[in-house]
Amino acid sequence: MTGLDTANKVLKVVKNKQVQKWVIGSVIAMILGFLLNVLVFKAALKKDYGYCGYVLWIAICFIVFFLCQMRAIAIKRMEMVFAVIALILGVFYIAVSPATVGVSWDDEVHYGRTVSLLSYLSGGKYYYADEDQITSYQNTIASYTDEQKSGFNRENRRNVSEKTNREYSEKVKGNNPQGYESFSSIAYIPAALGILSGRILRLSWVACFNLGRFFNLLCYVFVTSLAIKKLHSGKLLCALVGLIPSTIFMAGSYSYDPWVISWSLLGFAEFFNAVADDDQKISVKQWMKMLLTFAVGFLPKMVYVVTLFPLLFVKSEKFENPKKALALKMAVILMAVLLALSYFVPEMIRGALAVGDSRGGTNVSTIGQMHFILAHSGNVASIILHFFIQYAGLSIVPYTQLYAYLGIGSFDAIIFILLFTSIFLENTPEHKVPFAIKLTGIIGLILGVFSVIMSMYMSFNPVGAQTIAGVQNRYLFPLFFPLGYYLIPRNGRIKWEKENVAVYPIAAFAFSFIYNVYTLCIVYY
C-alpha cells in the first residue's frame, strides 16, 4: 500500500459523517464535563476533587452521548457498545484510583509477576521502585481503611507518587522475586507490554504502572468484544457479564481473572455457535481452534477445564467427519491433562506442592492435604459439600459490586436481577442448544465450582482444616455466561424491542460502576 492510498483511506474516514458526529460529540461531552464539575461540585456543593471531579463528569457525559448514539444499533453491534462503554469505565477507574498495588485482590503478586516476566523477556532490570511498592502494599491497604482515609488524601498520594517516581528515575536495582516460571504468566503479557511501552517512551513509574493497567484492560475488552461479535444469540447476556462492575474493576488493575473470563467467553461463544445451529457442521479446524482458545484462557486457572464436560457429549453427526468425532473428543481430555501438567510440573520443580500457598498460613502443604483427603475422604466430602451450599448461594450477589480493598459498592441486587432477566430477553429463532448439552453443561459448571473449592482446600488451607478459607466468590464469574446460556428457554421467550431496550441494562451497569467508584474513592480525595 502506497502512502497515497493510506492518505486517501484516512481522508475517507475523516469525511465520514458518523465519525465527524462522534468527534464533535466527544468534544462537546468533554466541555460539558468541565462545566458540570464547576457547577455541581465547586459552585453548588463547594467541593474540589481536583482532576478526579473532571474525569468523573466527563465519563458520565461520554456514556450518555455514546449510548444515545448507539441505541439503534445496540443489538446488531453489541460488541461495539460493549467496547466503548467498557473502555470508558476502565479508563475512568485507572485515572481516578491510586497508582499503586494494594487496591485490587493480590495485585502486589500479579504486578510482581508482571515486572518479573518483563525483566526476564527483555533482559532488563527489576527496579527497587517496583520492589518498594510490593513490600509496602499492606500499609497501602491500611491507609484506605483508617479513620482519615489517608490513602486517598491528595497530598499523601502526590508524595507517594513523587517518591516512587524518584526511586524509579534513579534506576536502582531491586530483588527480583522470579515469578514468571509458571505457564500462567501468559496472562501477564498485556500488562508487561504496557509497562514496556512506558519505559521505551521514558515515562515516569506512575505512567508506566497505569499503562500496564490500561493494556490489561485493552486486552480484556478486545477479547470479550470478539466473543460478543461471534455469538449468534446471547449477545446482551455476554455483554452484561463482561460489564460486571467487579470484573471491570479487575480489568483496570493487575489481575489475571479478566484474562480467564474474556478467553472463556470467546471459547464458549464458538462452542455455542457450533452446537446451537442444526445446519452447521463442526470442522476439525474449528474444533481445534475452540480448544486452543479454552487452553489459552484456562492456563492461569486450569481448574475451569472441567466446565468443558459438555464437549464430550456433542453428537457425532454434528462433525463434518463423524468418524473423527471420538478423536476430537479425546483431544478435549488430552487438553485437560496438559493443562493439569502445566500447573503441577512447575510446582513440583519448585517444590511448591510440599509448601502450598504461604498466604494460607502455617502447615499448608498440597501434598500433605492430598494424603489427608485420601485418609479421611468421608469427612472431607462433608466439608466440601457444606461449603459448596454456602458458596454457590445468594452470598455471591454482593460480589458483583465488590471493589477489593476499596470496599463494597451499592446496587448489587440490580446487577444480579438484570443479569438474570437478560437470559429471557433472547428471541433469536436459531437458538437450539440440545438438551443433552444443556444438562451436561450445567453438570460441568457444578463440577467447576467443586474444582475451585477443592483446589483452594488443597493449596491454601492447613492440612486437616475443617473449614475452607481463601475461596473468593469472584472465582464464579467465568461460569456466569455459560450458565445463563444453558438456561435460555427454547420456547416462551419475551417479545421485546431489542434496539430500544438493550442500552438500558448496559447504562445501569455503567452508572452503578461510576457511582461506586465515586463513593468509595473520589469522595475522599
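Each remark here, short or long, concerns the structure printed above.
Residues numbered from 1 in each chain as written. Predicted model: local features only at pLDDT ≥ 70, side-chain atom pairs only at ≥ 80, totals over all residues. Heavy atoms only, no water.

Undergrad: Looking at this structure, how should I read helix H13 (residues 257–276)?
TA: Helical geometry: 3.6 residues make up each α-helical turn, so side chains three or four residues apart lie on a common side. With 20 residues, H13 ought to run about 28 Å at 1.5 Å a step, and its terminal C-alpha atoms sit 28 Å apart, in line with that. Burial analysis of H13 places 20 of its 20 residues in the buried class, the great majority of the element. (Helix = DSSP H or I, 4+ residues; strand = E, 2+ residues; numbered from the N terminus. Expected span 1.5 Å × (residues − 1). Buried < 20%, exposed > 50% of the residue type's maximum accessible area, 1.4 Å probe, protein only.)

Undergrad: Help me out: how do you make sense of the packing of helix H8 (residues 154–169) against helix H10 (residues 205–230) in this one?
TA: Angle between the axes and distance between the axes: these two values describe a pair of packed helices. At a minimum axis distance of 8 Å, the contact between H8 and H10 shows a crossing angle of 95 degrees. Here H8 lies roughly perpendicular to H10, going by the angle between them. Of the residues in H10, those touching H8 at Ser161, Thr164, Asn165 and Tyr168 are Trp205, Val206 and Cys208. Counted by class, the contact of H8 with H10 contains 4 nonpolar, 3 polar and no charged residues. (Axes fitted to C-alpha atoms, helices over the stretch in contact; angles between N-to-C directions. Parallel < 35°, antiparallel > 145°, perpendicular 65-115°, else oblique. Contact = heavy atoms within 4.5 Å. Nonpolar A, V, L, I, M, F, W, Y, C, P; charged D, E, K, R; others polar.)

Undergrad: Please explain helix H20 (residues 477–487) as it appears in this structure.
TA: Burial runs high along H20: 9 of the 11 residues are buried. Looking at H20, one finds that the buried residues are Phe477, Pro478, Leu479, Phe480, Phe481, Pro482, Gly484, Tyr485 and Tyr486. Tucked inside the fold, the buried residues of H20 contact helix H11 (235–242), helix H12 (245–251), H13, helix H18 (412–422) and helix H19 (435–459).

Undergrad: Help me understand the packing of aromatic side chains, please; the structure alone is not making it clear to me.
TA: What describes a pair of aromatic rings is the distance from one ring centre to the other and the angle between the planes of the rings. This model, assessed by the stated rule, comprises 41 aromatic pairs. Aromatic pair Tyr111 and Tyr254: ring centres 5.0 Å apart, planes at 75 degrees, arrangement edge-to-face. Of the two residues, Tyr111 sits in helix H5 (residues 107–122) while Tyr254 sits in the loop between H12 and H13, which places them 143 residues apart along the sequence. This pair shows no difference in class: Tyr111 is buried, exactly as Tyr254 is. (Phe/Tyr/Trp six-rings, centres within 6.5 Å; stacked < 30°, edge-to-face > 60°.)

Undergrad: Help me understand the packing of helix H3 (residues 51–69) against helix H4 (residues 78–96), please; the structure alone is not making it clear to me.
TA: H4 packs onto H3 with a crossing angle of 175 degrees between their chain directions and a minimal axis gap of 10 Å. With respect to H4, the axis of H3 lies roughly antiparallel. Residues Tyr51, Cys52, Val55, Leu56, Ala59, Phe62, Ile63, Phe66 and Leu67 of H3 form the contact with H4, whose own contacting residues are Val81, Val84, Ile85, Ile88, Leu89, Phe92, Ala95 and Val96. Of the residues that constitute the contact of H3 with H4, the class distribution is 17 nonpolar, no polar and no charged.

Undergrad: Whenever I open this one, the pattern of salt bridges confuses me. Can you help?
TA: Close approach of charged atoms allows side chains of opposite charge to pair. Taken as a whole and assessed by the stated rule, the structure comprises 8 salt bridges. Notably, a salt bridge pairs Glu79 with Arg77, separated by 3.0 Å at the nearest N-O pair. A residue is classified by how much of its surface remains accessible, and Glu79, at 8% relative accessible area, is buried. The partner of Arg199 in a salt bridge is Asp130, and the shortest N-O contact between them spans 3.3 Å. Highlighted residues: Arg199 in helix H9 (residues 189–200) and Asp130 in helix H6 (residues 128–135), separated in sequence by 69 residues. Here Arg199 falls in the buried class, since its relative accessible area comes to 18%. When salt bridges with common partners are traced through the structure, they connect Asp106, Asp257, Lys301 and Arg474 into a single cluster. (Salt bridge = Lys/Arg side-chain N within 4 Å of Asp/Glu carboxyl O.)

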